[in-house]
Amino acid sequence: MSLPSKVKLVDVGPRDGLQNEKQMVPAAVKIELVQRLQDAGLKEIEVTSFVSPKWVPQMADASEVMHGIRRQSGVRYSVLTPNMKGFEAAIAAPRAEWPDEIVVFGAASEAFSQRNINCSIAESIERFRPVVEAARANGIYVRGAMSCTVGCPYEGEVAPERVGMLAGLMKGIGVQHIGVADTIGVGTPRKVRRAMEATLTHYDINDVSGHFHDTYGQALANTLASLEMGVWQFDTSVAGLGGCPYAKGATGNVASEDVVYLLDGMGIATGIDLDKLIDAGKFISDHLQRKPNSRAATAILAKRAG
Ligand code: HMG
Ligand code: MG
C-alpha cells in the first residue's frame, strides 16, 4: 500500500458550511472567511452556490460574495450551479469575478435528487448537460458532486451500482472531476471503498475526490480508507461546518483542521498552515457563537490557552 505523498483539500466551509446555518451570515463575514482560508494556504475554496434563494436563502448573496473576495494567484474558486440559470448568474459578472470551477450536483438516490434539486436523476443530467457544455466552452473547469453514495436519508442504503451508474452519466456529459459524497455521514470504510471503486470504473484516480460528512464520526476513517486507495483530493470544511438543508439530521463535513492534523502527522504534504487554519475556524465559530467542531482545533486552542 503506498499512500499519496501530497493531498489537495478543497475547503467547502463557506458553501456547504454556511448554507446550513439558521442565522444569516453577512457577506462580509463570508468574504473574510475566504480570505483567512487562502491565507492559511488553501488552494481551492468552494465559495458559494448559485441556487434558488427560495430553496437556500443562505446563499442568496452569491454574486456579492464572489464580487467581494480578494483573489490570490494560484488559488481556485468554485461555486455550485445546478442549472443554466445558476450558471448564467455565476458568469453575469466581469470575467475576473467568474469562478474557476463550477460544480453540478446530482444524487445516487432518486428520492434525494427529488428533494434536493426537484427532479429525477435522469432529468438532472439533462439540466447539467448544457451547463457543462457552456462552462467548458468558457474555459471553466467542471466538477460533479454525487450525493448519497453510501446512504440516503429517504431510501436507506445505496448500492455501489447506483453510484457507478451516476458516475457514468456524469462522465458521459463531460464532467471532468467527480466527488464521492457521503451526504449523511453514515459510511464506514468498506462501504466507502465500494462507492469509490464504482466511481473509478469511470474516472481516473486523479479526477476523483472524497466528501465525507461526519455525522457518525466516521469521516476520518473514510478519508484514510480513500487515501489507501490512492485518492488524494478531499473536500473538508473549516471548523467542521456543513450539512445540507435537504438531508435532515446530517451534521458537518469532516473538519479541515482534523484532516490537516492527520496528514501532517503522516508526513503527507498539504501546503496548509494548521495554526492559521485553526485561526480561520475560530473566526467563523466566534461569529456563529460556538466552538469549532474539530477535535484537533479544540486540543490546540486549549494548549495555546495554557
Ligand atoms: P425548481 O423550482 O425546480 O426550478 O428548483 P425551476 O427551474 O422550476 O424554477 C423555479 C423558480 O426558481 C423560478 O423563479 C426560477 O427563476 C428560480 P420564479 O419564476 O418562481 O420566481 N430558479 C433559480 N433562482 C436562482 N438561481 C437558480 C435558479 N434556478 C431556478 N439557479 C433548483 C430547482 C435546483 C433551482 C432548486 O431545487 C434549488 O435551488 N436547489 C438547491 C438545493 C441546494 O442548494 N442544496 C444544497 C447543496 S447540495 C449539497 O449540499 C450536497 C453536497 O455538499 C455533496 C453532499 O454532501 O452530498 C454538494
Ligand atoms: Mg456536503
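Residues numbered from 1 in each chain as written. Chains lettered and ligands numbered in written order. Predicted model: local features only at pLDDT ≥ 70, side-chain atom pairs only at ≥ 80, totals over all residues. Heavy atoms only, no water.

A.B. asks: Hey, could you run me through the sheet that holds strand E3 (residues 76–80) in this one?
C.D. replies: Sheets are built from strands paired through backbone hydrogen bonds, the pairs being either parallel or antiparallel. Strand order in the closed barrel made by the 8 strands is E1-E2-E3-E4-E5-E8-E9-E10, with parallel pairing throughout. Pairwise comparison of adjacent strand axes, ignoring direction, gives a mean angle of 25 degrees for this sheet. Its contacts with the sheet put helix H2 (residues 27–39) on strand E1 (8–11), strand E2 (44–49) and E3, and the angle it makes with E2 is roughly 165 degrees. Against the sheet, helix H10 (residues 256–265) contacts E1 and strand E10 (233–236), and its axis sits at roughly 170 degrees relative to E1. (Pairing = 2+ DSSP bridges. Helix = DSSP H or I, 4+ residues; strand = E, 2+ residues; numbered from the N terminus. Axes fitted to C-alpha atoms, helices over the stretch in contact; angles between N-to-C directions. Contact = heavy atoms within 4.5 Å.)

A.B. asks: Sorry, what's going on with helix H11 (residues 274–288) here?
C.D. replies: For an α-helix the count is 3.6 residues per turn, leaving residues at separations of three or four pointing the same way. Relative to the 21 Å expected for 15 residues at 1.5 Å per residue, H11 spans 21 Å between its end C-alpha atoms, a close match to the ideal helical length. Every buried residue belonging to H11 is among Leu274, Leu277, Ile278, Ala280, Gly281, Ile284, Ser285 and Leu288, and all of these are buried. Projection of H11 onto a plane perpendicular to its axis shows the buried side chains occupying an angular sector of 155 degrees, all on one side. Of the surrounding elements, those touching the buried residues of H11 are H2, H10 and helix H12 (295–304). The N-capping residue of H11, defined by a side-chain oxygen 3.0 Å from the backbone nitrogen of Asp275, is Asp273. (Expected span 1.5 Å × (residues − 1). Buried < 20%, exposed > 50% of the residue type's maximum accessible area, 1.4 Å probe, protein only. Arc of directions from axis to C-beta. Polar contact = N/O pair within 3.5 Å; in protein donor to acceptor, adjacent residues only side chain to side chain.)

A.B. asks: Any chance you could explain the packing of helix H7 (residues 160–172) against helix H8 (residues 189–200) here in plain terms?
C.D. replies: Helix-helix packing is characterised by the crossing angle of the two axes and by the distance between the axes. Between H7 and H8, whose axes approach to 8 Å, the crossing angle comes to 35 degrees. The way H7 lies across H8 gives a crossing that is right-handed. Residues Pro160, Val163, Gly164 and Ala167 of H7 pack against Arg194, Ala195, Ala198 and Thr199 of H8. A class-by-class count of the residues in the contact of H7 with H8 yields 5 nonpolar, 2 polar and 1 charged. (Left-handed = near helix turned anticlockwise from the far one by under 90°. Nonpolar A, V, L, I, M, F, W, Y, C, P; charged D, E, K, R; others polar.)

A.B. asks: What's the story with H8 in this structure? I'm lost.
C.D. replies: With 12 residues, H8 should reach 16 Å at 1.5 Å per residue; the first-to-last C-alpha distance of 16 Å fits that figure. Looking at H8, one finds that the buried residues are Val192, Ala195, Met196, Ala198 and Thr199. The buried residues of H8 occupy an angular sector of 160 degrees when the element is viewed end-on, so they sit on one face. Among the structural elements, strand E5 (141–147), H7, strand E8 (177–182), strand E9 (208–212) and helix H9 (219–228) are those in contact with the buried residues of H8.

A.B. asks: Is there a simple way to think about the coordination of the magnesium ion (ligand 2) in this case?
C.D. replies: The reference angle at a metal is 109.5 degrees if four donors form a tetrahedron and 90 or 180 degrees if six donors form an octahedron. Distances from the magnesium ion (ligand 2) to its protein donors, Asp16 (OD), His211 (NE2) and His213 (NE2), fall at 2.1 to 2.3 Å. The sequence pattern describing where the donors of the magnesium ion (ligand 2) fall on their chain is D-x194-H-x1-H. Taken together, the residues Asp16 in helix H1 (residues 13–17) and His213 in the loop between E9 and H9 connect sequence positions 197 residues apart. Side by side, Asp16 and His213 carry an identical accessibility label, which is buried. (Donors = N, O, S within 2.8 Å, 3.2 Å for Na, K, Ca; no water.)

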